[in-house]
Amino acid sequence: DAGITQSPRHKVTETGTPVTLRCHQTENHRYMYWYRQDPGHGLRLIHYSYGVKDTDKGEVSDGYSVSRSKTEDFLLTLESATSSQTSVYFCAIGDRGNGYTFGSGTRLTVV
Amino acid sequence: GESVGLHLPTLSVQEGDNSIINCAYSNSASDYFIWYKQESGKGPQFIIDIRSNMDKRQGQRVTVLLNKTVKHLSLQIAATQPGDSAVYFCAETYTGTASKLTFGTGTRLQVTL
C-alpha cells in the first residue's frame, strides 16, 4: 500500500540464523505494528511501537525483538530463527482515530 | 499463494445474492471495530468500521451491524460479486490500548457464478 513498504517480500533462511525484516513508512505516523499470520489464525500482534525508541510486546513476542531508531522505520528481528517462525509477517501503521494501513507482507520460511 | 485460509470457515454464496459474515468478540471493553478484506498475497484492506456508540453503519454495498449485548459483529455484502471472493476478518480495539488491534480468525467467502 502507498506509504508503507515491507522488505524483503520473501525470504528463506536456515534454522538458527538471525533475520531482520524491515517496515518503512512515509506517513510520519506515530504507531507502527508487526503482526504474524498463520493458517487457522487471524493476525496476531508481535510487537508495536508508539514512538521513536518506544516499543512494547504483543501477544506472541517470544523469539522476536524490534527496534525503532527513526519514525519511518520499524525493524523486526528474529535473533535465532526457528521453524515455528515460518509465517507471513505484516507491518501496519495507524491508530483508532485515523485508521490503519497494512503492508503487503513478508513471507518467511525457516528451513 | 497464501496458505492463510487452510482451516478457515467458508461461506459459499451465489453471485448476486447477499452475504452475511459473522464475528464474535470477547472483550466487553472493545469500542472500535473494523472489517478487513484480504486477497491472496496481499495485506488486509479496510472495508468498513464502526464505533460502539453505533449499532449499524452502511457503506457502498456493505453494512456492519454491532450487537454489544451479545458481543457480535456482522458484515453484510449486498449483491455479492466474484471480486468479493476473499478472506474477511473482524478486528477490535479499545481505548487505552495504544490502538492495538485484535483480529478474529477470519472467514473465507467464495462467490460462485
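Here goes a summary of the coordinates provided. (Residues numbered from 1 in each chain as written. Chains lettered and ligands numbered in written order. Predicted model: local features only at pLDDT ≥ 70, side-chain atom pairs only at ≥ 80, totals over all residues. Heavy atoms only, no water.)

## Notes on the sheet that holds strand β6 (residues 62-67) of chain B
All names here are of chain B. Rule in force here: At least two bridges found by DSSP between two strands are what make those strands a pair. Helix and strand definitions follow DSSP, with helices as H or I runs of at least four residues and strands as E runs of at least two, each counted in order from the N terminus. Fitting a line to C-alpha atoms yields each axis, with helices limited to the stretch in contact; the angle taken between N-to-C directions then spans 0 to 180 degrees.
One open sheet holds the 4 strands; their spatial order is β2-β7-β6-β5, and the pairing between them is antiparallel. The open sheet terminates on both sides in strands that have one partner only, identified here as β2 (19-24) and β5 (56-58). Taking the axes of each pair of neighbouring strands and ignoring which way they run, one obtains an average angle of 15° across the sheet. Taken together, the 6 bridges between β2 and strand β7 (residues 72-77) define a ladder with antiparallel strand orientation. Each residue of the ladder has a partner; that of A24, found in β7, is H72.

## Regarding the interface of chain B and chain A
The criterion, for reference: Contact between two residues is taken to exist if any of their heavy atoms lie within 4.5 Å; hydrogens are not considered. Summed over both partners, the accessible surface that disappears when two parts come together, traced with a 1.4 Å probe, is what is meant by buried area. When a carboxyl oxygen of Asp or Glu lies within 4 Å of a side-chain nitrogen of Lys or Arg, that pair is called a salt bridge. In protein, a polar contact requires one atom able to donate a hydrogen and another able to accept it; more generally it is a pair of N or O atoms within 3.5 Å, and residues adjacent in sequence count only if both atoms are side-chain atoms. Three categories are distinguished: nonpolar for Ala, Val, Leu, Ile, Met, Phe, Trp, Tyr, Cys and Pro, charged for Asp, Glu, Lys and Arg, and polar for the others, with Gly belonging to the last.
Across the boundary between the two partners, chain B contributes 27 residues, which contact 23 residues of chain A. Regarding the contact of chain B and chain A, the summed buried area is about 2,100 Å², with carbon and sulfur atoms giving 53% of it. When the buried area of chain B at its contact with chain A is split by residue, B:S99, B:K100 and B:F103 rank highest and sum to 24% of it. The salt bridge partner of B:D31 is A:R96, with a shortest N-O separation of 2.8 Å. At the boundary of chain B and chain A, one finds 8 residue pairs in polar contact (both at pLDDT 80 or more). With 4 residues, the single largest contributor to the side of chain B that touches chain A is strand β3 (residues 32-38) of chain B. Here the residues of the side of chain B that touches chain A sort into 11 nonpolar, 11 polar and 5 charged.

## Regarding the pairing of strand β7 (residues 64-70) of chain A
All names here are of chain A. The pairing of β7 with strand β8 (residues 73-78) spans 5 bridges and is antiparallel. From the neighbouring strand, K70 faces β8, where its bridge partner is D73. Taking the residues that link successive antiparallel strands as the turn, the β7-β8 hairpin has 2 residues.

## Details of the environment of A:S65
All names here are of chain A. Note on placement: S65 falls in strand β7. Spatially, the C-alpha atoms of S65 and P18 are 11 Å apart, while their sequence positions differ by 47 residues. In contact with S65, not counting residues within four places along its chain, are H47, L75, L76, T77 and E79. Here E79 takes part through its side chain, which lies 2.9 Å from a polar atom of the side chain of S65.

## A look at unusual backbone geometry
Rules: Categorising residues by exposure relies on relative accessible area from a 1.4 Å probe, with only protein chains included: less than 20% of the type maximum marks a residue as buried, more than 50% marks it as exposed, and the intermediate range marks it as partly exposed.
Here the amide bond leading from A:S7 into A:P8 is cis, since omega sits at -5°, within 30 degrees of zero. Locating A:P8 in the fold gives a position in the loop between β1 (4-7) and β2 (10-13). Although it is not a glycine, B:R61 adopts a positive phi angle of roughly 65°. Tracing the chain through its elements places B:R61 in the loop between β5 and β6. For B:R61, a relative accessible area of 29% translates into the label partly exposed. Phi is positive for B:K71, which is not a glycine, with a value near 55°. On the secondary structure map, B:K71 appears in the loop between β6 and β7.

## Brief notes about the pattern of salt bridges
All names here are of chain B. A full pass over the atoms with the stated rule returns 10 salt bridges over all chains. Its salt-bridge partner being E39, residue K42 comes within 3.5 Å of it at the nearest N-O pair. Judged by its relative accessible area of 23%, E39 is partly exposed.

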